[in-house]
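Chain and residue survey
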Amino acid sequence: MIWVNYKNIIIFSFLVLIAVTACKPKQRIIYSTKPVEDKENNQLFSDINTNTFDFNTFSSRLNMSLTSGTRSVSSRANLRIIKDSAILISVQPLFGVEVVRLYIDPNNILILDRMNKRYVKESLISLKEKYPVGFDFYTLQSILTNSPFVSGKSSVEDSDYRKFNITQTSDLNYYLTSKDPESDIEYSFTVNGNDRITFTHLMQYKKQQSLQWAYDNFAILGNNSFPHKMNAVITSKSRKIDAEFLFSEIVTNVPVQITSQVPESYSKTSLDEILKIIASE
């Protein structure tokens, strides 16, 4: 039986937002045990881009779980992405009934609270003025789809290898690090012998805040492989949150509908009100 605490669903959904082909074939998990090859930095970065999961639209069922201290919550959800256009996460704890809808595009964020018939809509520019995180829609899209990103850019080019410090680790991986000049957030990628990202890390040292995102259970999906399991760890000075995402029924490159429409009966609230809920827990 899934235990559902509505406030925790709100918290979980919001943290996922800011902080991630065929109908359910049997998964063939790919395990990489081969060491990384000695490559020039430009060749390595080109190979990473070549092996990045390719899609125009993406939809998947999600089983999500969240642990913070002694509290735990689990829920089902639907994830839909129109590449470079919009991301939708519909949280549906029981019987397919949506309780929270999270929408983000390159310009705006929308949160629909179905239970209380209210909504939050903010522009990313205004959010950056209040909460200068330095990252955006394209960062979230990349994290959810196991892709590299470059701060301040909507797409990644092979020549962007110059923005990274690239080293080899003792456990047979490549390690790429860079920094966002706007927020001083350091971000890094761990890359295995298959040229796939297995770990993404964002760290704000001054505020002691970090997001760690690990990828596992890579399985063939069309002409690429995709991680069907992702684990996230969100830490701050006062809190640590662990989350797990299990992907299933993934479909790509078919028409996907994503709407940001707000029902007329809903009342507008502020992001600060959502943050008050988070702070009270």
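A closer look at the nonpolar core
- Counting residues in hydrophobic clusters, the biggest one holds 59 residues, and the most contacted among them are Phe58, Leu79, Leu176, Trp213 and Phe247.
- Within the second largest apolar cluster, nine residues are counted, among which are Tyr103, Tyr119, Ile258 and Tyr266.

Focus: the confidence of the model for the protein
- Per-residue confidence for the protein gives a mean pLDDT of 85, with 83% of residues at or over 70.
- Scored below 50 in pLDDT, residues 18-26 shows 18 contacts in the model against residues more than four places distant or in partner chains.

Quick look at the pattern of salt bridges
- Under the criterion given, the structure shown has 10 salt bridges.
- We note a salt bridge from Asp195 to Lys39, for which the minimum N-O separation is 3.1 Å. Here Asp195, found in the loop between β9 (186-191) and β10 (197-204), pairs with Lys39, found in the loop between α1 (6-17) and α2 (41-50); they are 156 residues apart in sequence, far enough to count as distant. Just as Asp195 is buried, Lys39 falls in that class too.
- Each of the salt bridges in this network shares a partner with another, and the network as a whole consists of Lys39, Asp47 and Asp195.

A closer look at the environment of Asp171
- Among the structural elements, Asp171 can be located in the loop between β7 (165-168) and β8 (174-179).
- The sequence separation of Asp171 and Asn192 amounts to 21 residues, and the corresponding C-alpha distance is 9.5 Å.

Calculation notes
- Residues numbered from 1 in each chain as written.
- Predicted model: local features only at pLDDT ≥ 70, side-chain atom pairs only at ≥ 80, totals over all residues.
- Heavy atoms only, no water.
- Core = buried A, V, L, I, M, F, W, Y, C linked by side-chain atoms within 4.5 Å.
- Buried < 20%, exposed > 50% of the residue type's maximum accessible area, 1.4 Å probe, protein only.
- pLDDT = per-residue confidence, 0-100.
- Contact = heavy atoms within 4.5 Å.
- Salt bridge = Lys/Arg side-chain N within 4 Å of Asp/Glu carboxyl O.
- Helix = DSSP H or I, 4+ residues; strand = E, 2+ residues; numbered from the N terminus.

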